[in-house]
Amino acid sequence: MRSMGGEQVEEAVASAVALLRTATDRDWEATAAGRLKWSCRETAEHIAGDLIAYAGQLAGRATEAYVPFEITFDDGTDNEGVLHVIETTCALLAATLRTTPREVRAFHPYPFRSANREGFAAMGVTEVLAHTHDIAEGLGLAYEPPAELCADVLARIFPHVRPGDDPWRTLLWATGRGELPGRAPVTAWRWLNNLVVPAERLTLQGVTPAAATDLAAGGDGGFEWVEGGPFQGTRDAAGMLLKAYEAGVHRPEWGVFVLVRRQDGRAVGGMGFHGAPDEEDRVEIGYDLAEAARGHGYATEGLRALSAWALAREEVVSVFATTEPANLASQAVIVRAGFTRVAGDEKQLAYELRGTRG
C-alpha cells in the first residue's frame, strides 16, 4: 500500500516550488491568486502557515484546539525568500510525519475533530496543490501536479467524492476550482478525515478508500494486524466500501471500521455498517475478528461502542444485526451487546437494538 506521509508532502512542494521559481521576478503582492481574494504572496504565506500548523498539531499532540501560533514573512522578504519559507515548513512537516507514531491523533475540526499523520499529510498536500493552482492561475502559469499524488489525496480525505478518470481535474472540482462533465459545480466543500470511535480497550478506526483498496486486494490496509488478520469478512466489507466509493455513494461515517487495540496498536478485527440509515431510520451492522483475537470480548466491546455512536445520531432509531443459527459465539456477542432477538428461521436470526427514540 502506497503511504501518505512526508515523502508525498515533499513531492507536492518540490513540484510547486519548481514552477513558482520561474516567476519570482513578478509582483506577487499586486497579483490576485486566481479566483481568491488573496494576493499570490498572501496565498503563498497561507501555504507555509498550513504546513507549519499541521506540524505543530502533531508535534504538540494538540487534542482540543489549534496550537496558538502562526507564521508571517519578515518585512522585505522577496519571492525567493517566500519559496524558501515554504520549503522550510515542508521539511518541518515531513520530519514530524516521519517521527509521529501511527496511533497519534491531533485536533482538526473537519469533520470529526481529529486526524492522524496520514490525514495531516493529505491535508498538507491538498493545501499545496490547490493553492499552487491559485497562484499559478494568477500568474498565468500552467500547473499539472502528479496524477498519483492527486489520487492519493482523493482516496484519503475526499471519500465522499466519486473518483474520475483525471485525478487532478477531480480534485480541482472537489475544491470548487473547476468543472467536471455531469457534475454540478462545487460552491462549498470540506475534506473528510476518517472517524474514530473510542471504546475501553479499542479504537474503531474508519477505513478510507485507500485502505479499503489495499485490504480488498489482500494487503493490510496500513494496519498492523494480529496473527491471522484480517479475517475474510473484513476484506469483503472493504470490497463493498470500494464499490460504493467508485459509484460516488460512499458515506464514510456509515462505512467500515478496523478494531485496534490501545495497548499495542494492533488490529484485531473489522466492524461496520451495511450502508446509511434506511427509510425506517435503521442501520445494519456486521463484524468479524481474527481468530487469534477471539475470546477476549473485543467484538462485544466494539459492537457496543459503534451501536451507541449510531444511536446517538438523529437519523437512527435502531441498529440491526443478523447471524446464522449455528453461530452460537456470534449470538452471544450480539446479546451481550444489548440486542434483542426480533426474528429468525432455520437460515438466519435477526436482532435489534433500539435507541431512546425507538
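Okay, so let's go over this structure.

Criteria and cut-off values
- In every chain, residue numbers begin from 1 and rise along the written sequence.
- At least 70 in pLDDT is required for a residue's local features to be given in this predicted model, at least 80 for side-chain atom pairs to be given and counted, and no such filter applies to totals for whole chains, interfaces and linings, which use all residues.
- Hydrogen atoms and water are omitted, and side-chain values are computed over all heavy atoms in the structure.
- Accessibility here uses a 1.4 Å probe with only protein chains present; expressed as a share of the type maximum, an area under 20% marks a residue as buried, one over 50% as exposed, and anything in between as partly exposed.
- A run of H or I in DSSP counts as a helix once it spans at least four residues, and a run of E counts as a strand once it spans at least two, with each numbered from the N terminus.
- Strand pairing is defined by DSSP finding a minimum of two bridges between the two strands.
- To obtain an axis, a line is fitted to C-alpha atoms, over the contacting stretch when the element is a helix, and the angle between two such axes runs from 0 to 180 degrees between their N-to-C directions.
- An angle counts as roughly parallel when it lies under 35 degrees, as roughly antiparallel when it exceeds 145, as roughly perpendicular when it falls between 65 and 115, and as oblique in every other case.
- Note on convention: near helix rotated counterclockwise from far helix by under a right angle means a left-handed crossing. Clockwise means right-handed.
- We call two residues in contact whenever any of their non-hydrogen atoms come within 4.5 Å of each other.
- Each residue gets one label: Ala, Val, Leu, Ile, Met, Phe, Trp, Tyr, Cys and Pro are nonpolar, Asp, Glu, Lys and Arg are charged, and the others, such as Gly, are polar.
- Polar contact criterion, stated in full: a pair of N or O atoms within 3.5 Å, where within protein one must be able to donate a hydrogen and the other to accept it, and residues adjacent in sequence count only if both atoms are side-chain atoms.
- Here, nonpolar core refers to any group of buried Ala, Val, Leu, Ile, Met, Phe, Trp, Tyr and Cys residues whose side-chain atoms link them within 4.5 Å.
- Salt bridge, as used here: a side-chain nitrogen of Lys or Arg that lies within 4 Å of a carboxyl oxygen of Asp or Glu.

## Topic: the pairing of strand β4 (residues 202–206)
Here's step 1: Burial runs high along β4: five of the five residues are buried.
Here's step 2: Summarising the sheet, β4 and strand β6 (residues 256–261) pair through five bridges and their orientation is antiparallel. When the bridges of β6 are listed, L202 appears paired with R261.

## Quick look at the packing of helix α1 (residues 6–20) against helix α4 (residues 117–139)
Here's step 1: Remark: α1 packs on α4, axes separated minimally by 9 Å, with the N-to-C direction vectors making an angle of 10°. Put simply, α1 runs roughly parallel to α4. Between α1 and α4 lies a crossing of left-handed hand. Contacts between α1 and α4 involve Q8, V9, A12, V13, A16, L19 and L20 from the former and A121, V125, V128, L129, T132, I135 and A136 from the latter.
Here's step 2: Each residue belonging to the contact of α1 with α4 can be placed in one class, and the counts come to twelve nonpolar, two polar and no charged.

## A few points about the side chain of R177
Here's step 1: By secondary structure assignment, the location of R177 is in the loop between α6 (167–174) and β3 (196–198).
Here's step 2: Engagement of the side chain of R177 in a polar contact is seen with the backbone oxygen of T175, the distance being 3.1 Å.
Here's step 3: Apart from the residues within four sequence positions on either side, R177 is in contact with R35, L36, A130, H131, H133, D134, L172 and W189.

## Here's the deal with the nonpolar core
Here's step 1: Of all hydrophobic cores here, the largest spans 58 residues; its most connected members are W28, L51, I86, L129 and F158.
Here's step 2: Listed by contribution, the elements that provide at least two residues to this core are α1, α2 (40–59), α3 (79–99), α4, α5 (147–157), α6 and α8 (232–247).
Here's step 3: By residue number, the principal contributor to this core is α4, which donates ten residues.

## Remarks on the pattern of salt bridges
Here's step 1: For the structure on display, the rule yields 20 salt bridges.
Here's step 2: Between R98 and E10 there is a salt bridge; the shortest N-O distance is 2.8 Å. Remark: E10 occurs in helix α1 and R98 occurs in helix α3; sequence separation between them is 88 residues.
Here's step 3: According to the relative accessible area criterion, E10 is partly exposed, its value standing at 31%.
Here's step 4: Put simply, E352 and R354 hold a salt bridge, and the shortest N to O gap is 3.1 Å.
Here's step 5: For E352, a relative accessible area of 15% translates into the label buried.

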